[in-house]
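The residues making up each chain are set out below.
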Amino acid sequence: MTAVSQQASGALARPSAARVTARKKWSLRAPLLPALIFMVVMTQLPFVATLVISTLSWNSLQPGTREFVFLENYKTMFTDSALREALFNTMIFTAAVVLISVFLGLIIALLLDRKFLGRGLVRTMMIAPFLVVPIAAALVWKHALLNPGYGLLNGVLTWIGKLFGDSTPIQPDWISEMPKVAVIASLVWQWTPFMMLILLAGLQSQPSEPLEAAKVDGASDWQSFRYVTLPHMRTYIELAILLGSIYIVQNFDAVFTLTSGGLGTANLPYAVYNTFFAGHEYGQASAAGVLVVIGSIVIGTFALRVVSTLLREETR
Amino acid sequence: MRWTRLIACASIVALSGCGAGGGGGGEEGGKTVRVLMVNNPQMIDLQKLTAANFTKETGIKVAFKVLPENDVRDTIAQDVANEAGQYDVISISNFEVPIYSKNGWLQSLSDYASKDSKFDEDDILEPMRESLKGDDGKTYGVPFYGESSMLMYRKDVFKQEGLKMPERPTWDEVADLAAKVDGAEPGMKGICLRGLPGWGEVFAPLTTVVNTFGGTWFTKDWQAQVDSPEFKEATNFYVDLVRKHGQSGAPQSGFTECLNNMSQGKVAMWYDATSAAGSLENRSQSKVAGKVGYAYAPVKKTKNSGWLYTWAWGIEKASKNPDDAWKFVAWASSKEYQKLVGEKLGWAKAPDGTRQSLYDNPEYQKAAASFYKIIQGSITSADPKNPGVQPRPTLGIQFVDIPEFTKLGTDVSQFVSSAIAGKTTVDEALRKGQEMAEKVAEKYQ
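Computed from a predicted structure; not experimentally measured.

## Side note on the overall build of chain B
Move 1: The helix and strand inventory of chain B stands at 19 helices and eight strands.
Move 2: Projected onto the principal axes, the alpha-carbon positions of chain B cover approximately 60 × 50 × 40 Å.
Move 3: By sequence separation, contacts in chain B at least 24 residues apart represent 72% of the contacts at least 6 residues apart.

Structure representation (structure tokens):
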């Protein structure tokens with residue numbers, strides 16, 4: 001309706017109105033320009049430079065040996081077994097962490113959606129792990145929880161052992177025995193609250209009428225969750241998965257701190273760090289960085305699309 | 001050329017999200033020397049003593065930036081390679097000096113050192129002096145403290161078990177002793193050996209074991225030898241020993257974790273840097289002070305196997321203030337500074353391993369009675385040019401002095417660490433290591 005009337009008025013007074021709207025458009029754009037230019041200078045230009053560098057063979061400790069090698073660095077990315085493993089690990093970590101934490105987040109969100117005494121307090125405490133600095137969270141996991149000598153987990157095992165009169169309880173070396181699980185567990189601990197927040201927002205935006213109608217129609221709790229709540233939650237779950245993926249693909253702290261990239265846990269960000277700082281291979285590191293960015297852009301595009309459907313639905 | 005470097009740095013910082021860290025950029029000119037150094041205890045002492053002594057005497061202010069070892073290495077590499085000159089003085093080791101000086105990133109200190117009579121260059125131990133020279137024979141680094149490696153063991157536990165540690169043990173004897181002292185006290189393991197990935201972590205002690213077992217990373221003409229029988233035998237020995245009688249959490253233990261294990265009485269032996277002695281004998285941090293005995297680095301086919309490492313001061317070529325920087329460097333590595341630490345903080349904390357005069361000082365001898373002879377003997381007998389049974393292509397005892405070694409060592413160490421965790425076999429780890437080493441060697445053949 002409004003679009004039609006706008007078109008109509010535009011058609012009536014075309015010449016002057018066009019100039020007015022152009023000026024108006026610029027008066028809206030102009031204040032944005034400094035920020036836009038700043039963004040382009042700070043993010044896009046360096047990225048172009050990185051693209052260029054990723055086609056060079058360039059070790060910073062050997063000045064004078066720099067040369068153009070075209071796509072050689074990208075070829076190495078897929079042929080070098082360590083880098084390929086890093087690519088693979090990144091996928092495993094991202095998929096496992098996102099799926100587990102969305103699942104746990106959904107359960108916790110469903111529980112927190114109910115009214116009970118002290119709900120606000122519980123909600124705040126549930127969010128806490130997400131507020132911890134990532135490197136600090138990783139240190140807590142490495143030293144306070146998983147350390148075989150003085151960690152909490154083995155402390156609990158010792159305590160349980162003592163209850164049963166066992167003076168030499170089993171003391172597993174958690175990180176060495178299950179390195180990938182250790183990394184995933186620490187990330188799930190940190191990311192579940194994030195998923196829970198998004199999903200809780202979704203649950204609280206759900207209108208109560210369909211649920212009441214389902215109850216009147218005799219639907220069981222499971223049925224009304226499966227056929228009423230879950231379809232409503234779909235977009236929120238998608239959003240949680242996509243946003244979570246973008247962040248977890250980039251995660252560096254957990255691997256760096258828990259295992260220093262050992263025991264087959266090195267992921268792409270760690271490989272970039274290692275290639276750049278330990279290897280001083282600027283070209284190779286740039287190529288790996290570009291791949292991470294491309295991966296994130298692919299996920300990010302999907303994420304933006306989901307966000308925009310969400311916004312459309314809000315205004316509908 | 002410079003602009004590309006700057007953009008490279010900026011873009012990679014933007015991509016990976018880890019900044020190189022700014023120095024005291026606002027304090028250029030004037031009389032401020034900017035120092036970037038590693039956070040080892042000796043450096044922290046220096047930081048504490050500088051304002052009240054050096055600055056008071058000379059009027060030169062010193063701005064310190066202190067970082068952990070891995071980070072300091074990375075930050076320094078960035079700063080010198082980009083010729084950014086954010087710092088005047090950097091703490092570098094005998095690994096970096098030959099490489100950096102070859103690239104023209106460091107000021108030659110030969111003239112400063114020979115003209116400064118108070119500095120007394122000839123007092124510095126010869127292997128230290130030699131290891132801080134560039135290919136051109138000029139001096140590019142001044143040692144702050146130096147270390148070799150040695151075996152530390154619990155005298156009280158050995159006595160209680162009726163065991164005796166030879167002054168120059170062999171690795172076979174050490175393995176035997178580790179089995180015997182394992183479990184001597186509740187929760188006590190036989191030996192602590194590093195297992196944390198990193199060329200400067202697990203591969204520092206492991207490469208000395210490889211050397212004395214007759215192995216090497218590369219032959220004189222750059223043939224990779226990582227899957228040779230000797231390299232394999234040494235690595236199998238090391239991995240078996242730490243798996244059977246080593247500390248818990250071995251694949252995550254570096255120097256710091258082992259220092260904790262030893263000073264908390266959780267292990268009976270420890271093979272590591274000689275610089276650990278100061279911390280082990282410090283009663284405020286160590287439960288085992290006074291109970292530790294010291295022996296030379298264990299051997300098999302060579303006469304000695306201790307490594308040689310030094311944290312030294314270098315002055316960046318891009319420094320705008322080299323004269324004042326030299327004054328600081330000369331003071332920090334002087335006899336007077338060692339005396340200052342001795343009197344203010346105790347002689348056991350004096351930065352050691354660099355000057356003959358310290359070992360001749362009766363006060364130091366008294367404070368370090370249990371270990372100073374072993375350290376002095378280890379350092380003076382270390383030979384970075386010829387550390388094993390065969391001729392080597394370049395310098396280095398616990399490392400190979402080429403820029404590629406940091407990455408090569410770190411990558412291979414991840415497989416070795418996995419082998420220590422039992423996730424892979426030594427054969428498989430070294431097979432992959434050999435492939436990587438061959439690729440590196442190609443560039444030099």
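## Quick notes on the packing of helix α5 (residues 81-112) of chain A against helix α14 (residues 268-278) of chain A
Residue and element names in this part refer to chain A.
Move 1: Packing of α5 against α14 brings their axes to within 8 Å, and their N-to-C directions diverge by 145°. Residues Leu83, Ala86, Leu87 and Thr90 of α5 pack against Leu268, Tyr270 and Ala271 of α14.
Move 2: Looking at the contact of α5 with α14 residue by residue, the classes come out as six nonpolar, one polar and no charged.

## Side note on the pairing of strand β3 (residues 89-93) of chain B
In summary, the side chains of a regular strand alternate between the two faces of the sheet.
Residues and elements named next belong to chain B.
Move 1: In terms of residue burial, β3 counts as a mostly covered element, since five of its five residues are buried.
Move 2: Here β3 shows two buried faces, one formed by Val89, Ser91 and Ser93 and the other by Ile90 and Ile92.
Move 3: Inspection of the sheet shows β3 paired to strand β8 (residues 309-315) by five bridges, in the antiparallel sense. For Ile90, the partnering residue across the bridge sits in β8 and is Gly314.

## Here we look at helix α8 (residues 152-163) of chain A
Move 1: Compared with the 16 Å implied by 1.5 Å per residue over twelve residues, the 17 Å span of α8(A) between its first and last C-alpha is a close match.
Move 2: Just downstream of α8(A) lies A:Gly165, where phi reads positive at about 75°.

## Description of the nonpolar core
Move 1: Judged by nonpolar contacts, the single largest core of 136 residues is most densely connected at B:Val89, B:Met152, B:Ile191 and B:Met269.
Move 2: Tallying contributions element by element places helix α18 (residues 405-420) of chain B first for this core, with seven residues.
Move 3: Core analysis: the second largest hydrophobic core is formed by 62 residues, A:Val102, A:Ile175, A:Tyr273 and A:Ala285 among them.

## Some points on the environment of B:Lys61
Residues and elements named next belong to chain B.
Move 1: Tracing the chain through its elements places Lys61 in strand β2 (residues 61-67).
Move 2: Take Lys61: there are 18 C-beta atoms within 10 Å of it, and that puts it in the partly exposed class.
Move 3: Among residues more than four places away in sequence, those in contact with Lys61 are Lys31, Thr32 and Thr55.

## So, the domain arrangement of chain B
All names here are of chain B.
Move 1: Along its sequence, chain B is carved into domain 1 (2-140 + 309-379) and domain 2 (149-307 + 384-442).
Move 2: Relative placement of domain 1 and domain 2: their C-alpha centres are 27 Å apart.
Move 3: Across the boundary between the two partners, domain 1 contributes 15 residues, which contact 18 residues of domain 2.
Move 4: Of all the elements in the fold, those that place two or more residues in the side of domain 1 that touches domain 2 are α4 (96-102) and α17 (372-381).
Move 5: Its residues assigned to classes, the side of domain 1 that touches domain 2 shows nine nonpolar, four polar and two charged.

## Focus: the pairing of strand β5 (residues 149-154) of chain B
Residues and elements named next belong to chain B.
Move 1: Most of β5 is tucked away: six of the six residues are buried.
Move 2: On β5, burial covers both faces: Ser149, Leu151 and Tyr153 on one face and Met150, Met152 and Arg154 on the other are all buried.
Move 3: Relative to strand β6 (residues 269-273), β5 runs antiparallel, the two being bridged by five bridges. Note that in β6 the partner of Tyr153 across the bridge is Met269.

## Some thoughts on the interface of chain A and chain B
Move 1: The interface of chain A with chain B comprises 40 residues on the first partner and 32 residues on the second.
Move 2: Considering every element that reaches the side of chain A that touches chain B, the biggest residue donor is α14(A), with seven residues.
Move 3: Taken together, the residues of the side of chain A that touches chain B sort by class into 20 nonpolar, 19 polar and one charged.

## Details of the confidence of the model for chain A
Move 1: Mean pLDDT over chain A works out to 84, with 92% of the residues at or above the 70 mark.
Move 2: A low-confidence stretch, residues 1-13 of chain A (pLDDT under 50), is modelled with one contact involving residues beyond four sequence positions or located in other chains.

## Digging into helix α9 (residues 203-212) of chain B
The periodicity of an α-helix, 3.6 residues per turn, causes residues three or four positions apart to be oriented the same way.
Residue and element names in this part refer to chain B.
Move 1: Extensive coverage of α9 is indicated by the burial of ten of its ten residues.
Move 2: Burial in α9 covers these residues: Phe203, Ala204, Pro205, Leu206, Thr207, Thr208, Val209, Val210, Asn211 and Thr212.
Move 3: Contacts from the buried residues of α9 go to β5, α8 (171-181), α10 (229-245), β6 and α18.
Move 4: Positive backbone phi, approximately 95°, marks Gly214, located one or two places after α9.

## A look at the sheet that holds β2(B)
Residues and elements named next belong to chain B.
Move 1: Across the sheet, five strands lie side by side as β2-β1-β3-β8-β4; this open sheet has mixed pairing. In this open sheet, the two strands that pair with only one neighbour each are β2 and β4 (142-147). Strand-to-strand twist in this sheet, taken as the mean axis angle between neighbours without regard to direction, amounts to 20°.
Move 2: The pairing of β4 with β8 spans five bridges and is classified as antiparallel. Looking at the pairing, Pro143 lines up with Ala312 of β8.

## Some remarks on the environment of B:Thr75
Residues and elements named next belong to chain B.
Move 1: Secondary-structure assignment places Thr75 in helix α3 (residues 69-81).
Move 2: Taking the number of C-beta atoms within 10 Å as the measure of exposure, Thr75 has 21 and is therefore buried.
Move 3: Taking the C-alpha atoms as reference, Thr75 lies 8.8 Å from Leu36; in sequence the two are 39 residues apart.

## Notes on the confidence of the model for chain B
Residue and element names in this part refer to chain B.
Move 1: Chain-level pLDDT for chain B is 88 on average; 93% of the residues reach the 70-or-more range.
Move 2: Every residue in residues 1-29 scores below 50 in pLDDT, and together they form 50 contacts with partners more than four places removed in sequence or on other chains.
Move 3: Across the whole predicted complex the pTM is 0.80, and at the interface the ipTM reaches 0.70.

## Remarks on the packing of helix α6 (residues 119-131) of chain A against helix α10 (residues 179-204) of chain A
All names here are of chain A.
Move 1: It is the contact of α6 with α10, at a shortest axis distance of 7 Å, that shows an interaxial angle of 125°. Relative to α10, the element α6 lies oblique. Crossing handedness for the pair α6 and α10: left-handed. Every residue of α10 that contacts α6 at Met126, Ile127, Pro129 and Phe130 is listed here: Trp189, Gln190, Pro193, Phe194, Met196 and Leu197.
Move 2: Grouping the amino acids of the contact of α6 with α10 by side-chain chemistry returns nine nonpolar, one polar and no charged.

Definitions and cut-offs
- Chains are numbered independently. Their residues run from 1 in the order of the written sequence.
- Key to labels: chains lettered from A, ligands numbered from 1, both in the order written.
- Since the coordinates come from a predicted model, pLDDT governs what is reported: local features require at least 70, and pairs of side-chain atoms require 80 or more to be given and counted, while whole-chain, interface and lining totals use all residues.
- Every helix listed is a DSSP run of H or I at least four residues long, and every strand listed is a run of E at least two residues long, numbered separately from the N terminus.
- Throughout, a residue-residue contact means that the two C-beta atoms, derived from backbone geometry, are no farther apart than 7 Å.
- Lines fitted to C-alpha atoms define the axes here, with helix axes fitted over just the stretch in contact, and angles between the N-to-C directions of these axes take values from 0 to 180 degrees.
- All amino acids are sorted into three groups, where Ala, Val, Leu, Ile, Met, Phe, Trp, Tyr, Cys and Pro are nonpolar, Asp, Glu, Lys and Arg are charged, and the leftover types, Gly among them, are polar.
- Exposure criterion: with C-beta atoms placed from backbone coordinates, a residue whose C-beta has 20 or more other C-beta atoms within 10 Å is buried, one with 12 or fewer is exposed, and one in between is partly exposed.
- Two strands are said to pair when DSSP picks up at least two bridges between them.
- Expected span of a helix, by definition, is 1.5 Å for each gap between consecutive residues, and there is one gap fewer than residues.
- To define a nonpolar core, we join buried Ala, Val, Leu, Ile, Met, Phe, Trp, Tyr and Cys residues through C-beta atoms within 7 Å and take the resulting set.
- As used throughout, domain bounds are those supplied by an automatic or database domain assignment.
- Scored between 0 and 100, pLDDT is the confidence that the predictor attaches to each residue.
- Angle categories are assigned with fixed cut-offs, so that under 35 degrees is roughly parallel, over 145 is roughly antiparallel, 65 to 115 is roughly perpendicular, and the rest are oblique.
- Working rule for handedness: look at the near helix, and if it is turned counterclockwise from the far one by less than a right angle, call the crossing left-handed; if clockwise, right-handed.

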